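Here are the chains, one letter per residue:
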Amino acid sequence: MDNFLLENATYQIYPISFKDSNSDGIGDIKGIISKLDYLYSLGIRIIWLSPIYSSPMVDMGYDISDYYSINPKFGTMDDFDELLKECKKRGMRVIMDLVVNHTSSQHRWFKEALRDKNSKYRDYYIFKKGKDDGKLPPNNWTSTFLGSAWQELEDEKGTYYLHLFSKEQPDLNFHNEDVIQEVIKIMNFYLDKGVYGFRCDVISVIYKESFEDGEKNDKFAPVGQEHYVAKEGCHKILKRIRKECIDPHNAVMIGELYGCKIGDIKNFLDGELDTFFSFDHMQINAKRFFKIKVKPSKLKECLVKWQNSYSENGIYFENHDQLRSLNRFVKRGHEKEGSKMLLTLIYSLRGYPFVYQGEEIGSKNYLNSEFHIDDVRDIVTKKVYQLASSYHLPKCLSFKKARKEGRDDPRKPMAFSSEKGHGFTDENIKPWQKFSKNDDVINVEMQLKDKDSTIYYFIKLNELRKEKRVLSYGDIKIYSTSKNTLVYERYTEEEKVLVLINLSSRRQRVDKKILSLIKDKKVLISNVKERKEYLLPYQASIYSL
C-alpha cells in the first residue's frame, strides 16, 4: 500500500483539453505547467496524464507510435522533464498512462512486421491465418469499437491481425518474452526520470490464453472476452513488472480492469496493483438503449457491493471515457449540491480517490441543442452513429445513442474563465473541440467568486482528507438504511466519522438510531445546512463521532 497515493486524490488531466500555452487551440505540457499552482491551491498533489506520447491520434493518444518521444502537439521531452521538475518543487507527483495492450499501426514495430513477415517484429503482434482458406477471420471475436477484432492484411490475403480496439491499434503478443522486455524497458525509462507510477490502460486483457471462438453473449460485451480477460498469464506478467520496475522505484501501479467481474479482482491485488478501476457503477444503464440517468438505489447497490468486497477500490465517477457525473447521477436543478455530494463520496468511501479535470467546478455534458454529428471527434461516437444508422434509425435517435456511448462530452476544453477562449486558449483561437454554452457560467473564475461553490467545497474536502487520517486508513461499516440513502462509518482505533449521503432529489427520513449517533456531534463538512430529522436532496454530511 502506497501511503501518498492513498492520502491524496489523484487529478486526471486530459492534456489536449486542459490548457493551451501557444495559441494553437490544443492543450499542451507547458499549459499544464502554467496551472500547477492552481492545482496545488486546490490541494492536489498527484496528477495523472492521459497519453502524451507520439501518436497519430486515431484514438486520441491511446494509439502510440513511439513510447520514447512526446507528441509534438503537446511539446517536447524537455517540456516533460520541466513538468517533472516543477512538480517536484511543489511536492507534487506525476502518473503516466501506460498503454501496452496495443500500439499504433504506425509504430516502427508494426511497420516492420508488415514489411517483412520473417522479421522478429512479426511475433510482436498476433497474426493468424483465417478460416475457410482465409476467407473468414480466425475466430468470431468482436472489437470493443464494434465489428470484427481481426483485420485482413492488404498484401497478404487470408492473413489477419488482432485488434481488440480499432484496426489502427494492433494488439501486442505477450506470449513473446521480447515484448515483455520492451514494456519493462519503457516503464524503467520513465521511472528513472522520476515518474511516480502508471495507470495501466486495459491491463486485464493483455494476455490472450487461447484463440477459440467466443461464446455469444448479450450484444453489449465483446465476443471472446473469456479467452483473454484476467488470465493467469496476465498475472504472471504483472508480478514481474511489479518486481522489476515498480518496487525498485517505490512507484505505484493502477490498473484499469476492463472486462473483469468482482471475483476477478482479488488476484490483481496479490503483489500486482496498488489500486484498480472497476466499471460496474459506470455500466448500470449499459443495457438501456438511451437511458443515461441512474437510479439512486442502483448506484447504492453497486457501491455497497464493491465497498464490502475490497479496501483497494479506485473511487471515481468521471474520466476521459465517461459522461459527466452530474448528467448521470443528479437531477437537473440540483447541480450544486449534487456535485458536492458526489465529491464527498469520492473522498470518504474506502479506497483511493480519483477526480477528473472539471469535476472540481461541476462540469456538465454539452447541451443537446449545441452538439451535433459534425462536432464529433471521438472514434467511438462515430462508429456507434454509423452502426445505429445502418439499422435505419432516424438520425436524431442514432445520434442520441452515439452520444450515450461516446466520449466527446468529457473531452471538451477546460473552462477557466467566462471570457472568449475561457482561459483555455486565446479569445480568437478555435479550440480543437468546441466549448459549451455552459462554460459561460460553469468555470473556475465564476466559482472562485462564490464561497458556496463546488470548488471551495472541493478544497475543503482535500484539507479534510489530510486532517482526518481515518478517511484514508479507516475500515468501513455500512448501515442498513432506505434504498436512496447511504450511511457509513469510517473507523480506526483512534477515531471515527459518520458519513450521511442522500443519493436522491427527495428528502429522506433519518433512522432514529442514526440520529442518536450524531446528536451533539461536530459536523466536519456538509454541502447543505443540515436538518437532523431528515436529509435534504443530495445532502452529504460528515460527522466526527
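Residues numbered from 1 in each chain as written. Predicted model: local features only at pLDDT ≥ 70, side-chain atom pairs only at ≥ 80, totals over all residues. Heavy atoms only, no water.

K.L.:
Sorry if this is basic, but what is going on with the overall build of the protein here?
P.N.:
The helix and strand tally for the protein stands at 18 helices and 20 strands. Here the C-alpha atoms of the protein give a radius of gyration of 23 Å, agreeing with the 24 Å that 2.2 N^0.38 yields for 545 residues. Taken along the three principal axes of its C-alpha coordinates, the protein extends 75 × 55 × 50 Å. When burial is assessed residue by residue, the protein has 60% of its 545 residues classed as buried. Taking as baseline every contact in the protein between residues at least 6 positions apart, the subset at least 24 positions apart corresponds to 68%. (Helix = DSSP H or I, 4+ residues; strand = E, 2+ residues; numbered from the N terminus. Rg over C-alpha atoms; globule rule 2.2 N^0.38 Å. Buried < 20%, exposed > 50% of the residue type's maximum accessible area, 1.4 Å probe, protein only. Contact = heavy atoms within 4.5 Å.)

K.L.:
How should the pattern of salt bridges be read in this particular structure?
P.N.:
Pairing is possible between side chains of opposite charge, provided their charged atoms come close. Enumeration according to the criterion identifies 36 salt bridges in this entry. For Glu168, the salt bridge identified is with Lys167, shortest N-O distance 3.1 Å. The exposure class of Lys167 is partly exposed, given its relative accessible area of 40%. Two residues, Lys340 and Asp452, come together in a salt bridge whose shortest N-O distance is 3.3 Å. Of this pair, Lys340 sits in helix H12 (residues 335-348) while Asp452 sits in the loop between helix H15 (444-448) and helix H16 (454-467), placing them 112 residues apart in sequence. Among the residues examined, Lys340 registers a relative accessible area of 2% and is labelled buried. Among the charged side chains, a salt-bridge network with shared partners connects Asp59, Asp321, Asp378, Arg407 and Arg411. (Salt bridge = Lys/Arg side-chain N within 4 Å of Asp/Glu carboxyl O.)

K.L.:
Can you help me understand the packing of helix H13 (residues 379-390) against helix H14 (residues 395-405) in this one?
P.N.:
To characterise two packed helices, one gives the angle between the axes of the helices and the distance between these axes. Running from N to C, H13 and H14 point in directions that differ by 145°, and their axes come no closer than 8 Å. Where H13 crosses over H14, the two elements pack in a sense that is right-handed. Here Val380, Thr381, Val384, Tyr385, Ala388 and Ser389 of H13 come into contact with H14, specifically with Lys395, Ser398, Phe399, Lys401, Ala402, Arg403 and Glu405. (Axes fitted to C-alpha atoms, helices over the stretch in contact; angles between N-to-C directions. Left-handed = near helix turned anticlockwise from the far one by under 90°.)

K.L.:
I tried to follow helix H10 (residues 296-309) on my own but got confused; where do I start?
P.N.:
Three or four residues apart is the spacing at which side chains of an α-helix point the same way, because the helix has 3.6 residues per turn. The terminal C-alpha atoms of H10, which comprises 14 residues, lie 20 Å apart, in line with the 20 Å expected from a rise of 1.5 Å per residue. Burial in H10 covers these residues: Leu299, Lys300, Cys302, Leu303, Val304, Trp306 and Gln307. (Expected span 1.5 Å × (residues − 1).)

K.L.:
What am I meant to see in the nonpolar core here?
P.N.:
Within soluble globular proteins, side chains that are nonpolar generally end up buried alongside one another. Of all hydrophobic cores here, the largest spans 165 residues; its most connected members are Leu39, Ile47, Phe80, Leu83, Phe174, Ile241 and Leu345. It is helix H7 (residues 177-193) that provides the largest number of residues to this core, a total of 8 residues. Beyond its immediate stretch of four places on either side in the chain, Leu83 contacts Ile29, Ile32, Ile33, Leu36, Ile47 and Leu49. Listed in part, the 9 residues of the second largest apolar core include Tyr479, Val510, Ile518 and Tyr543. (Core = buried A, V, L, I, M, F, W, Y, C linked by side-chain atoms within 4.5 Å.)

K.L.:
Looking at this model, I keep getting lost on the sheet that holds strand S6 (residues 127-129). Mind explaining?
P.N.:
Consider a sheet: its strands pair through backbone hydrogen bonds, and that pairing is either parallel or antiparallel. Here 3 strands make up an open sheet; going across it, the order is S6-S8-S7 and the pairing antiparallel. Of all the strands in the sheet, the pair left with one neighbour each is S6 and strand S7 (150-152). Strand-to-strand, the axes of this sheet are offset by a mean angle of 35°, without reference to chain direction. Bridging between S6 and strand S8 (residues 159-162) involves 3 bridges; their strand directions are antiparallel. Note that in S8 the partner of Phe127 across the bridge is Tyr161. (Pairing = 2+ DSSP bridges.)

K.L.:
Please explain the packing of aromatic side chains as it appears in this structure.
P.N.:
Aromatic ring pairs are described here by two measures, namely the spacing of the ring centres and the angle between the planes. This structure, assessed with the given rule, holds 37 aromatic pairs. Note on Phe18 and Phe416: the rings are 5.6 Å apart at their centroids and 80° apart in plane angle, and the pair reads as edge-to-face. Here Phe18, found in the loop between strand S1 (10-13) and helix H2 (29-34), pairs with Phe416, found in the loop between H14 and H15; they are 398 residues apart in sequence, far enough to count as distant. The exposure class of Phe18 is buried, given its relative accessible area of 0%. The exposure class of Phe416 is buried, given its relative accessible area of 7%. Seen from their ring centres, Phe110 and Phe127 are 6.0 Å apart, and the 10° between their planes marks the pair as stacked. In this pair, Phe110 sits in helix H5 (residues 108-115) while Phe127 sits in strand S6, placing the two residues 17 residues apart along the sequence. Assessed through its relative accessible area of 2%, Phe110 is described here as buried. One aromatic cluster in this structure is built from Tyr53, Tyr67, Tyr68, Phe80, Trp109, Tyr121, Tyr124, Phe189 and Tyr190. (Phe/Tyr/Trp six-rings, centres within 6.5 Å; stacked < 30°, edge-to-face > 60°.)

K.L.:
Please clarify how the sheet that holds strand S12 (residues 314-315) should be interpreted in this entry.
P.N.:
Taken in spatial order, the 8 strands of this open sheet run S11-S10-S9-S5-S2-S1-S13-S12, and their pairing is parallel. For this open sheet the edge positions go to strand S11 (275-277) and S12, each flanked by a neighbour on one side alone. Pairing of S1 with strand S2 (residues 46-49) involves 4 bridges; the strand directions are parallel. Directly across from Gln12, in S2, lies its bridge partner Trp48. Packed onto the sheet, helix H8 (residues 232-246) meets strand S9 (197-200) and strand S10 (252-256) and runs at close to 150° relative to S10. Across the sheet, H12 lies against S12 and strand S13 (352-356), angled at about 145° from S13, the strand it touches most.

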